[in-house]
Amino acid sequence: MRVLVGVKRVVDYAVKVRVAADKKAVDLANVKMSMNPFCEIAVEEAVRLKEAKKATEIIAVSIGPKAAAETIRTALAMGCDRGIHLTTDARTDQELGPNSVAKLLAKVVEEESPDAIILGKQSIDGDFGCTGAMLAEHLKIPQCTFAAAIDFDAKTVERETDTGTEVVSFPSLPAVFTADLRLNEPRYATLPNIMKAKKKKIDTKAADSLGVELNEGNTVLEVFEPPPREAGIFVDDVDGLVDKLKNEAGVL
Amino acid sequence: MLSRTLSRITRQPSAARSFSALAEEIFEPLRPAVTMYSEEETAVRDMVQMWAQQELAPHVREMDREGAMRPDILKSLFDNGLMGMEIPEKYGGSEMNFTSAVIAVEEIAAVDPSFAILVDIQNTLTNNALRFWGSEELQEKWLPRLATDTASSFCLSEAGSGTDAFAMKTTAIPSPDGSYYTLNGSKLWISNSKEAGVFLVFANAAPEKGYKGITAFVIDAETEGITVGKKERKLGLKASSTCPLTFEDVKVDASCVLGEVGMGYKYAIEILNEGRIGIAGQQLGIAKGAFNATMPYLRERKQFGTPIGDFQGMQHQVAQLATEIHAVEVMTYNAARMKENGLPFVKEASMCKLYSSQVAEKVASKCIEWYGGVGFTEDIIVEKFYRDCKVGSIYEGTSNIQLQTIAKIIASEW
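Residues numbered from 1 in each chain as written. Chains lettered and ligands numbered in written order. Predicted model: local features only at pLDDT ≥ 70, side-chain atom pairs only at ≥ 80, totals over all residues. Heavy atoms only, no water.

A word on the overall build of chain A. From N to C terminus, chain A includes six helices and 11 strands. Considered along the principal axes of its C-alpha atoms, chain A spans approximately 65 × 45 × 40 Å. In chain A, buried positions account for 42% of the 252 residues. Taking as baseline every contact in chain A between residues at least 6 positions apart, the subset at least 24 positions apart corresponds to 72%. Counting every atom, chain A has about 13800 Å² of accessible surface; 50% of that belongs to carbon and sulfur. (Helix = DSSP H or I, 4+ residues; strand = E, 2+ residues; numbered from the N terminus. Buried < 20%, exposed > 50% of the residue type's maximum accessible area, 1.4 Å probe, protein only. Contact = heavy atoms within 4.5 Å. Areas by Shrake-Rupley, 256 points an atom, 1.4 Å probe, with all protein chains shown as cover.)

Here we come to the nonpolar core. Membership of the largest hydrophobic core comes to 107 residues, with the highest contact counts inside it found for Val-5 of chain A together with Trp-51, Leu-77, Leu-82 and Ile-108 of chain B. In terms of residue count, helix α11 (residues 346-371) of chain B provides more of this core than any other element does, 10 residues in total. The residues contacting Leu-82 of chain B, other than those within four sequence positions of it, are Leu-191 of chain A together with Met-47, Val-48, Trp-51, Leu-77, Ala-104, Ile-108, Val-119 and Asn-123 of chain B. Ranked by size, the runner-up nonpolar core spans 32 residues in total, among them Tyr-91, Ala-165, Val-198 and Leu-258 of chain B. (Core = buried A, V, L, I, M, F, W, Y, C linked by side-chain atoms within 4.5 Å.)

As a further point, take the UniProt feature "domain: Acyl-CoA dehydrogenase/oxidase C-terminal" (unreviewed entry) in chain B. Within this structure's numbering, the places UniProt gives as "domain: Acyl-CoA dehydrogenase/oxidase C-terminal" (unreviewed entry) are residues 262-409 of chain B. Secondary structure over residues 262-409 of chain B splits into 75% helix and 3% strand, and the C-alpha atoms at its two ends are 25 Å apart. (UniProt positions renumbered as here; feature names shortened; annotations may be inferred.)

The sites that carry the UniProt feature "domain: Acyl-CoA dehydrogenase/oxidase N-terminal" (unreviewed entry) are, in the present numbering, residues 38-148 of chain B. With 72% helix and 0% strand, residues 38-148 of chain B has its two end C-alpha atoms placed 25 Å apart.

All names here are of chain A. Strand order in the open sheet formed by nine strands is β9-β8-β7-β10-β6-β1-β4-β5-β11, with mixed pairing between adjacent strands. What marks the edges here is a single partner per strand, and that holds for β9 (164-169) and β11 (202-206). Strand-to-strand, the axes of this sheet are offset by a mean angle of 35°, without reference to chain direction. Pairing of strand β1 (residues 2-6) with strand β6 (residues 116-120), which is carried by three bridges, proceeds in the parallel orientation. Across the sheet, the residue bridging to Leu-4 is Ile-117, located in β6. The sheet strands contacting helix α4 (residues 131-139) are β6, β7 (143-151) and β10 (175-179), and the helix crosses β6 at an angle near 155°. (Pairing = 2+ DSSP bridges. Axes fitted to C-alpha atoms, helices over the stretch in contact; angles between N-to-C directions.)

Residues Asp-236, Asp-237, Asp-239 and Asp-243 of chain A make up a contiguous surface patch of negative charge. Positionally, Asp-239 of chain A belongs in helix α6 (residues 238-248). (Patch = residues over 30% accessible without salt bridge, like charges linked within 9 Å, V, L, I, M, F, W, Y side chains within 5 Å. Salt bridge = Lys/Arg side-chain N within 4 Å of Asp/Glu carboxyl O. Lys, Arg positive; Asp, Glu negative; His and termini not counted. Charge placed at Lys NZ, Arg CZ, Asp CG, Glu CD.)

What follows concerns the interface of chain A and chain B. Counting residues at the interface gives 12 residues for chain A and 20 residues for chain B. Across the chain A to chain B interface the summed buried area is about 1400 Å²; carbon plus sulfur atoms make up 61%. The largest share of the area that chain A buries against chain B comes from Tyr-188, Leu-191 and Met-195 of chain A, three residues that together contribute 49% of it. On the surface where chain A and chain B come into contact, there are four salt bridges. The salt bridge involving Lys-32 of chain A is made with Asp-46 of chain B; its shortest N-O contact spans 3.9 Å. Viewed at the interface, chain B and chain A are joined by five residue pairs in polar contact (both at pLDDT 80 or more). (Buried area = accessible area lost by both parts, 1.4 Å probe. Polar contact = N/O pair within 3.5 Å; in protein donor to acceptor, adjacent residues only side chain to side chain.)

Residues and elements named next belong to chain B. Contact geometry of α11 with helix α13 (residues 399-413) gives a least axis separation of 9 Å together with a crossing angle of 145°. The two elements α11 and α13 meet at a crossing, and its hand is left-handed. Each of Val-346, Lys-347, Ser-350, Met-351, Lys-353, Leu-354 and Ser-357 in α11 lies in contact with α13, whose residues at this interface are Ser-399, Gln-402, Leu-403, Thr-405, Ile-406, Ile-409, Ile-410 and Glu-413. Each residue belonging to the contact of α11 with α13 can be placed in one class, and the counts come to seven nonpolar, five polar and three charged. (Left-handed = near helix turned anticlockwise from the far one by under 90°. Nonpolar A, V, L, I, M, F, W, Y, C, P; charged D, E, K, R; others polar.)

The positions that UniProt labels "domain: Electron transfer flavoprotein alpha/beta-subunit N-terminal" (unreviewed entry) are, in the present scheme, residues 23-214 of chain A. Helix makes up 30% of residues 23-214 of chain A and strand 28%. Its end C-alpha atoms lie 23 Å apart.

A contiguous nonpolar patch, built from Ile-233, Val-235, Val-238, Leu-241, Val-242, Leu-245, Val-251 and Leu-252 of chain A and spanning about 710 Å² of accessible area, is present on the exposed surface. Looking at the secondary structure, you find Val-238 of chain A in helix α6.

Bringing the state of the cysteines into the picture now. Per the counting criterion, the structure on display carries zero disulfides over all chains. Of all cysteine sulfurs in the structure, the one in Cys-39 of chain A sits closest to Cys-80 of chain A, which takes part in no disulfide; the separation is 11 Å. According to the relative accessible area criterion, Cys-80 of chain A is buried, its value standing at 0%. Looking at Cys-243 of chain B, it has no disulfide partner, and the nearest cysteine sulfur is the one in Cys-155 of chain B, 11 Å off. Take Cys-243 of chain B: its relative accessible area is 0%, and that puts it in the buried class. (Disulfide = S-S within 2.5 Å.)

Moving on, we come to the packing of aromatic side chains. Scanning all chains against the criterion turns up 13 aromatic pairs over all chains. Ring centres of Phe-152 of chain A and Phe-170 of chain A lie 6.3 Å apart, and the angle between their planes is 70°; on these two criteria the pair is classed as edge-to-face. Pair noted here: Phe-152 of chain A is in the loop between β7 and β8 (156-161) and Phe-170 of chain A is in the loop between β9 and β10, with a separation of 18 residues, a long-range link. For Phe-152 of chain A, a relative accessible area of 12% corresponds to the buried category. Look at Tyr-211 of chain B and Tyr-265 of chain B: their rings are 4.8 Å apart centre to centre, the planes differ by 80°, and that puts the pair in the edge-to-face class. Taken together, the residues span a long stretch of sequence, with Tyr-211 of chain B in the loop between β4 (196-204) and β5 (214-220) and Tyr-265 of chain B in helix α9 (residues 264-300) at a distance of 54 residues. Taking relative accessible area as the criterion, Tyr-211 of chain B reaches 36% and is therefore assigned partly exposed. The exposure class assigned to Tyr-265 of chain B is buried, which follows from its relative accessible area of 16%. Taken together, Phe-152, Phe-170 and Phe-177 of chain A form an aromatic cluster joined through their ring pairs. Lying across the ring of Tyr-37 of chain B, Arg-45 of chain B places its NZ or CZ 5.0 Å from the centre. A cation over a ring is seen here: Lys-339 of chain B above Phe-98 of chain B, with NZ or CZ 4.7 Å from the ring centre. (Phe/Tyr/Trp six-rings, centres within 6.5 Å; stacked < 30°, edge-to-face > 60°. Lys NZ or Arg CZ within 6 Å of the ring centre and 35° of its normal.)

Set out below in structure tokens:
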């Protein structure tokens, strides 16, 4: 089985983001960037498949600026075999939307013919959570999203929902899987693997050379911070609470 | 320069000179900043940060209280390639550069300086001394073990000789046929001697020759006659075992000699010169660790309805120390690059060791003050950094010696 994993370069989860002065985007100047945490989980799942001898090759693909090559290197250091880098100068946190990404990934899938495609369930910058599902639709293949456990032998996936875990089965491969938080705990690359990653190959091509229409038809009008949370008030009793909810908050 | 190049072209019109070669001569390529690390070095930094947060951070207080290193964390250091960073891949090492080793020491120190000194001594002293001067046989015997499972100690100081290292009394008398040496004497203040499986020992093989008899030996810790004494109870770096060593008629084969007999004094000086950059990395990590642990508090803690970080007095103090930390970072990694590029670096290495230990002490001390009363308790990590940093101005060359070294070099320049 050959596996394709998507890895996205995003703002590091620990960074306190700020809106840029022109209010058109988040300020990314000098900000620490890392691999999207859900992509790390996707890579880890693929690497474990290889270690269990269920997968023979893992390809890491990223769509992003020149620096996204570092993210692919991290994936290689975690255990992927080779990388594909589709370069673009579009802002991957807002300009390049999930549908464009899904179409680009579909092209890569058509060329590489992997048996399984594992993506993170969402990115922590765009937070759309759509790319995996859209990719499956473009390819007309099964999708198992929000996976907390994947069993390739039984062809079942445990999905996390708001009310608990459900088990779904997929008919066949190839299929798209998106990784949820509890799928696994990703490893960090050891130094010897960072060393080995230096010798692994990354194919680079321009994203707009694949013949895919990259215009979503959306324009970002404004980016702003949510209003600061205001202090609550104490009420004396239930009647007081009901009164406030009815007459001040207007929710009753 | 432009006109000279052009005149050269006009004089030799038939010279096949590519445009790019010409362009390179006229326009120098953009030089990187000292703090622009390579992709690999950045990967090392990220990885060690993650490792330190996940594997080391949860146990730091416990190990400080117990005064001992957890063996599972020690093993994790080896498993992650951190103990053989510059050792060639063929010996099981990570085959990285010196800067990567300094980065690893810095990032570990930001979480636990005790582990940082272990990693520093292993990589910058023991491993490098073996790689520079060890015979093929010695390298093949020890480098794989140093990379995968054996910690080391650097045994130079004695009760009567610290700064005056060449006044050492430990002898290593050669047998009549020269096939083995017998060591007698004792060493003091030996870091990580409880964990070490191999000792790099400096002893005098010809006391009548004075310091020119000092010879370096690579000795298995299990060798009969070696006793590792009781751990010192120290102010800081408590998890790092610091013990005296006694050698009683310890017989070692002549193949244990590192490099040439009588050259030990030179090896010690040279390897300690580079080791200083590693120590600067450790002190830098301490400074950053203390600073980073304190900054969030300045936002959280309010007095008079204001976060204390908003008071101008505090802001000025923060700005001053951030400036000094930045200076230490640039000095340290510049010295590392100079060494990598084969430039003389002794003065710069001394400077960064001297200054980094001063800044680390200042920063750790101030961080306790910024935390106020609670900074004085074991609830907050900064008191540990304060205790841990003090030895920075003492080991691997006291601050007075660094000043002397720098002064001597400057004197020779004028």
